[in-house]
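Below are the chains, spelled out letter by letter.
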Amino acid sequence: MMKTFLRLVLVGLGLGFGLPAVAGGAGTYTVKGNNGEAGTDYSGTVVITQTSKDTFKLAWTINGDKYTGHGIGDARIMAVSFTSDGSAGTALLVDDDAGGYKSIWGFVGETKIGWELMKPR
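Quick notes on the rules
- Residues numbered from 1 in each chain as written.
- Predicted model: local features only at pLDDT ≥ 70, side-chain atom pairs only at ≥ 80, totals over all residues.
- Heavy atoms only, no water.
- Helix = DSSP H or I, 4+ residues; strand = E, 2+ residues; numbered from the N terminus.
- Buried < 20%, exposed > 50% of the residue type's maximum accessible area, 1.4 Å probe, protein only.
- Contact = heavy atoms within 4.5 Å.
- Areas by Shrake-Rupley, 256 points an atom, 1.4 Å probe, with all protein chains shown as cover.
- Core = buried A, V, L, I, M, F, W, Y, C linked by side-chain atoms within 4.5 Å.
- Pairing = 2+ DSSP bridges.
- Axes fitted to C-alpha atoms, helices over the stretch in contact; angles between N-to-C directions.
- Patch = residues over 30% accessible without salt bridge, like charges linked within 9 Å, V, L, I, M, F, W, Y side chains within 5 Å.
- Salt bridge = Lys/Arg side-chain N within 4 Å of Asp/Glu carboxyl O.
- Lys, Arg positive; Asp, Glu negative; His and termini not counted.
- Polar contact = N/O pair within 3.5 Å; in protein donor to acceptor, adjacent residues only side chain to side chain.

If you check an unreviewed UniProt entry, the chain appears there as Fibronectin-binding protein from Methylobacterium symbioticum.

**What about the overall build of the chain?**
Helices and strands together make up the secondary structure of the chain, namely 1 helix and 8 strands. Going from N to C terminus, the chain has its helices and strands arranged as α-β-β-β-β-β-β-β-β. The buried share among the 121 residues of the chain stands at 31%. Expressed as a percentage of contacts within the chain between residues at least 6 apart in sequence, the contacts between residues at least 24 apart total 28%. Carbon and sulfur atoms provide 62% of the accessible area of the chain, an area that totals close to 7,700 Å².

**A short note on the nonpolar core**
Among the nonpolar cores identified, the biggest contains 18 residues, and Val46, Ile48, Leu58, Trp60, Leu93 and Met118 are the most heavily contacted of them. Elements that contribute at least two residues to this core include exactly strand S1 (27-34), strand S2 (41-50), strand S3 (55-62), strand S5 (77-84), strand S6 (87-95) and strand S7 (101-107). Considering each element in turn, this core owes the most residues, 4 residues, to S3. For Ile48, the residues in contact, after removing those within four places along its chain, are Gly25, Ala26, Gly27, Tyr29, Phe56, Lys57, Leu58, Met78, Leu93 and Tyr101.

**Some words on the sheet that holds S1**
A barrel is described by the order of its strands in space; here 8 strands give the closed sequence S1-S2-S3-S4-S5-S6-S7-S8, paired in antiparallel fashion. Neighbour-to-neighbour, the strand axes of this sheet turn through a mean angle of 30 degrees, independent of strand direction. Of the strand pairs in this sheet, S2 and S3 are connected by 7 bridges, and their pairing is antiparallel. Across the sheet, residue Gly44 finds its bridge partner in S3, namely Ile62.

**Regarding the pairing of S2**
In regular strands, side chains alternate between the two faces of the sheet. Where S1 lies against S2, 8 bridges are found, and the strand directions are antiparallel. Bridge pairing links Thr28 to Val47 in S2. Counting the residues that bridge the hairpin from S1 to S2 gives 6 residues, and of these Gly36 lies at a positive phi of roughly 100 degrees. In this structure, the hairpin formed by S2 and S3 is closed by a connection of 4 residues.

**Thoughts on a nonpolar patch on the surface**
On the surface, a nonpolar cluster with roughly 600 Å² of combined accessible area is contributed by Ile77, Leu92, Val94, Ile104, Ile113, Trp115 and Leu117. Of all elements in the fold, only S6 and strand S8 (114-120) reach the threshold of two or more residues within the nonpolar patch. Secondary-structure assignment places Leu92 in strand S6. Residue classification places Leu92 among the partly exposed positions, given a relative accessible area of 37%.

**Some details on the side chain of Glu116**
Within the secondary structure, Glu116 sits in strand S8. Of the buried charged residues, Glu116 lacks a salt bridge, with Lys119 as the closest side chain of opposite charge at 12 Å. There is a polar contact of 2.7 Å between the side chain of Glu116 and the side chain of Tyr42. Within the structure, the side chain of Glu116 is placed 3.2 Å from the side chain of Trp60, a separation counted as a polar contact. For Glu116, the residues in contact, after removing those within four places along its chain, are Val31, Lys32, Gly33, Tyr42, Trp60, Tyr101, Lys102, Ser103 and Trp105.

Right under this line is the structure:
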């Protein structure tokens, strides 16, 4: 039985069928990012909590600053609005096929776009 299973897996891999990547979703992630200008790299964490089938709550801690957000989508792609200290912004998170996310974001009224890489903790 085990030999048959292994043969099927090897045949599937040979035909280009791979195991699906684990999507992101709820969890705690380490964050590395940039504010859209040279010398503005940062790091921190984000906790993503699924609040319904299609909604998420996000809570970032970046260099001691707190950001909260509300996202819609699924574990692969999320559109997120966020706030911190009276400022608001929008982010787009896309699953990186390694269990984390690649993200671009911007504050309302700004012309710079920042980016983040989120890796599961």
